[in-house]
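Structural characterization, general
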Amino acid sequence: MRTIIEPFRIKSVEPLKFTTRAERETILQKAFYNVFAIPSEDVLIDLLTDSGTGAMSAQQWAGIMQGDESYAGAKSFFRFQEVVQHITGFPYVIPTHQGRAAERILFTIAGGKGKVIPSNTHFDTTRANIELTGAEAVDLLCAEGKQPALIADFKGNMDVEALEALIERVGPDRIPLCMLTVTNNSGGGQPVSMANIRAVKAVLERYGIPLFLDACRFAENAYFIKCREPGYQDKSILEIAREMFSYADGCTMSAKKDGLSNTGGFLAFRDPQWAQQAREVLIVTEGFPTYGGLAGRDLEAVAQGLLEVLDEHYLKYRVRSVAYLGEKLLAAGIPIVQPPGGHAIYIDARSLVPHIPPEQFPGQAVVCAFYLEGGIRTVEIGSLMFGKTDAAGNHVAPPMELVRLAIPRRVYTQSHIDYVIEVAALVAQQREQLRGFRILEQPRFLRHFTAKLAPV
Ligand SMILES: *Cc1c(COP(=O)(O)O)cnc(C)c1O
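Only a predicted model underlies this, so the values are computations on that prediction, with no experimental measurement involved.

Rules behind the numbers
Residues numbered from 1 in each chain as written. Predicted model: local features only at pLDDT ≥ 70, side-chain atom pairs only at ≥ 80, totals over all residues. Heavy atoms only, no water. Helix = DSSP H or I, 4+ residues; strand = E, 2+ residues; numbered from the N terminus. Buried < 20%, exposed > 50% of the residue type's maximum accessible area, 1.4 Å probe, protein only. Contact = heavy atoms within 4.5 Å. Areas by Shrake-Rupley, 256 points an atom, 1.4 Å probe, with all protein chains shown as cover. Lys, Arg positive; Asp, Glu negative; His and termini not counted. Charge placed at Lys NZ, Arg CZ, Asp CG, Glu CD. Phe/Tyr/Trp six-rings, centres within 6.5 Å; stacked < 30°, edge-to-face > 60°. Lys NZ or Arg CZ within 6 Å of the ring centre and 35° of its normal. Near = heavy atom within 4 Å. Polar contact = N/O pair within 3.5 Å; in protein donor to acceptor, adjacent residues only side chain to side chain. Core = buried A, V, L, I, M, F, W, Y, C linked by side-chain atoms within 4.5 Å. Domains from an automatic or database assignment. Pairing = 2+ DSSP bridges. Axes fitted to C-alpha atoms, helices over the stretch in contact; angles between N-to-C directions. Parallel < 35°, antiparallel > 145°, perpendicular 65-115°, else oblique. Left-handed = near helix turned anticlockwise from the far one by under 90°. Nonpolar A, V, L, I, M, F, W, Y, C, P; charged D, E, K, R; others polar. Buried area = accessible area lost by both parts, 1.4 Å probe. Salt bridge = Lys/Arg side-chain N within 4 Å of Asp/Glu carboxyl O.

Digging into the overall build of the chain
- When its secondary structure is counted, the chain shows 17 helices and 16 strands.
- Seen through its principal axes, the chain has C-alpha atoms that stretch 60 × 55 × 45 Å.
- Residues classed as buried in the chain amount to 56% of the 456 residues present.
- Here the contacts in the chain between residues at least 6 apart in sequence split such that 71% fall between residues at least 24 apart.
- Just so you have it, the chain exposes about 19600 Å², and 53% of that area is on carbon and sulfur atoms.
- Taken as two groups, the 47 positive and 51 negative side-chain charges of the chain have centres that lie 2 Å from each other.

Following this line, the structure appears as structure tokens:
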């Protein structure tokens, strides 16, 4: 069959609240044109993030009821551990309440002043946790990954030559580990090839540097390998995932992504000494090693989610539904980062509304238009999120002005997505009338979450 369907039916529904355009005008005004300040009830289709926003299966909900809430040695932990070991092959498994907790523990052990941690692209919490220890986070993305309009199979790959050059320059002693983010979230959800993982490992091995995967979207990455990399067409997602992990010495994971859960994460190691050190930190800051800041019921939901995410029908629907949105937006004349990644579509706002200068936040103009016209919540990834002001008071724009439409897992149907496409076409028609914004008030850090804005 050519038609790819949602590989599930709906057992439990959550009604959506409809608002009028006039109501949304007031809501936007009250939120000072920052969509983070809009109550979720007033959002019709929420594409703010794919993190922790997925729908759980009946099996996961059943697991919630079976959660063993014992402080130590809970049955739910042993199930969780078994599933993580089964998929990753790492013997030492440490549960954490989110991905960033795993990162904080890892870099408490491995980071510190003078240390350098390379990655294809560090996710922002990873970078923050590295920098918090005084270490330096270095992004070594391949050249194709830096060209938004270029269509290539593995734009999340690391630049292996740049990695070798970095090791030669700073010396292997200063590099406690190297990370690879699969898929590369900050680079648009672009996958990393098995060949690249292997090549990175080969370089690291020569210098005795461990490799860690930021495995948040390991299953989506494995599916892209299956579809795009020669030699993997006949392998199962589990086999491909296992091979990916086989080159690594450990991983960090946010179960809010490919764990198909609303919370949770883990840290896993091949080496018992690393694991021992991590457990010591875990006990002080997260909890006892058999729950690590999670309830027993969460451990059950994550364990089940990790098995479900390996289902090829699910991954086919997942990747196809994101690509479908991307294709239709392109057809409606909306420029996007190419090709569509695994979890989101990124609109190139600089091309869509070229008359709005970066210092007036072109991405935010598009974000507000999506909300106003259709009640759709998206997020700006551009000058509002990453822009800086230099010593002379001039705006320094990031390389791209993007708007991200992240797709929650198993939540919206194709007609929801068709509605998003219709709203997008309406926004594209009005592109010349869209106006920029100025900042009224902003905090010192991470201003996009709480800044107050006004139309110019
Ligand atoms: C979400 C994410 C994290 C952080 O995980 P949280 O569960 O949000 O703390 C780290 N790395 C990547 C690639 C992510 O997408």
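Some details on the packing of aromatic side chains
- Counted according to the given criterion, the structure contains 13 aromatic pairs.
- For the pair Phe36 and Phe449, a centre-to-centre distance of 4.9 Å together with 80 degrees between the ring planes defines the contact as edge-to-face. Of the two residues, Phe36 is situated in the loop between helix H1 (21-30) and strand E1 (45-46) and Phe449 in helix H17 (residues 447-450); the sequence distance between them amounts to 413 residues.
- For Phe449, a relative accessible area of 40% puts it in the partly exposed group.
- Taking the centre distance of 5.4 Å and the plane angle of 70 degrees together, the rings of Phe77 and Phe78 count as edge-to-face.
- In this structure Phe77 comes out as buried when scored by relative accessible area, which is 5%.
- Every member of this aromatic cluster is reached through a ring pair, and the members are Phe8, Tyr314 and Tyr317.
- Here the basic side chain of Lys257 rests over the ring of Phe123, its NZ or CZ set 5.5 Å away from the ring centre.

Quick look at the site of the ligand
- Close to the ligand lie 14 residues, the nearest being Arg100, Asn185, Asp214, Ser254 and Lys257.
- For the ligand, an oxygen atom lies 2.7 Å from a polar atom in the side chain of Arg100.
- Between the ligand and the protein, one listed contact pairs a nitrogen atom with a side-chain N or O atom of Asp214 at 2.7 Å.
- Protein contacts shield 98% of the accessible area of the ligand, which totals 380 Å² for the unbound molecule.
- With three residues, helix H4 (residues 99-110) is the single largest residue contributor to the shell around the ligand.

Thoughts on the nonpolar core
- Within the largest apolar cluster, 62 residues are counted, with the highest numbers of intra-cluster contacts made by Ile87, Leu163, Phe218, Met244, Phe245 and Leu306.
- A domain-level breakdown of this core finds at least three residues from each of domain 1 (21-50 + 311-455) and domain 2 (58-308).
- Ignoring any residue separated from it by four or fewer positions in sequence, one finds Phe245 in contact with Ile87, Thr88, Phe90, Leu213, Ala215, Phe218, Cys251 and Arg270.
- With 56 residues, the next largest nonpolar core counts Ile27, Leu325, Tyr346 and Ala406 among its residues.

Some details on the sheet that holds strand E9 (residues 344-348)
- Pairing is antiparallel across the open sheet formed by three strands, whose spatial order is E9-E14-E11. In the strand order of this sheet, the two ends are held by E9 and strand E11 (379-381), each with one partner. Here the strands of the sheet are splayed against their neighbours by 35 degrees on average, with no regard to which way each runs.
- Direction of pairing for E9 relative to strand E14 (residues 402-406): antiparallel, over a ladder of five bridges. Note that in E14 the partner of Asp348 across the bridge is Leu402.
- The sheet strands contacting helix H12 (residues 312-331) are E9 and E14, and the helix crosses E9 at an angle near 20 degrees.

Examining the sheet that holds strand E7 (residues 250-254)
- If you trace the five strands from one edge of the open sheet to the other, you get E2-E8-E7-E6-E5, paired in mixed fashion. Each of the sheet's edge strands pairs with one partner strand only, and the pair in question is strand E2 (92-96) and strand E5 (178-181). If you compare each strand with its neighbour and ignore which way they point, the axes differ by 15 degrees on average.
- Summarising the sheet, strand E6 (residues 211-214) and E7 pair through three bridges and their orientation is parallel. By the bridge assignment for E7, Phe212 is matched with Gly250.

Observations regarding the packing of H4 against helix H10 (residues 272-285)
- Direction vectors running N to C along H4 and H10 enclose 120 degrees, while the axes themselves pass 9 Å from each other. If you check the angle between H4 and H10, you find them oblique. The interaxial crossing formed by H4 with H10 has right-handed handedness. Residues Arg104, Ile105, Leu106, Thr108, Ile109 and Ala110 of H4 lie in contact with H10, whose contacting residues are Trp274, Gln277, Ala278, Val281, Leu282 and Thr285.
- When the residues that make up the contact of H4 with H10 are grouped by side-chain class, the tally is eight nonpolar, three polar and one charged.

A look at the environment of Ala248
- In this structure, Ala248 sits in the loop between helix H9 (237-246) and E7.
- Exposure remark for Ala248: the relative accessible area of 1% places this residue in the buried category.
- A C-alpha to C-alpha distance of 42 Å links Ala248 and Cys368, two positions 120 residues apart in sequence.
- Residues in contact with Ala248, not counting those within four places in the same chain, are Phe90, Leu211, Leu213 and Arg270.

Some words on the domain arrangement of the chain
- Each assigned domain of the chain is listed with its residue range as follows: domain 1 (21-50 + 311-455) and domain 2 (58-308).
- A straight line from the C-alpha centre of domain 1 to that of domain 2 covers 28 Å.
- For the pair domain 1 and domain 2, the two sides together bury roughly 2000 Å², of which 55% comes from carbon and sulfur.
- Linking domain 1 to domain 2 there are six salt bridges.
- Residue Arg318 is joined to Glu220 by a salt bridge in which the shortest nitrogen-to-oxygen separation is 2.9 Å.
- The interface formed by domain 1 and domain 2 includes 15 residue pairs in polar contact (both at pLDDT 80 or more).
- Among the elements that take part in the side of domain 1 that touches domain 2, H12 stands out by supplying six residues, more than any other.
- Split by residue class, the side of domain 1 that touches domain 2 holds nine nonpolar, four polar and eight charged.

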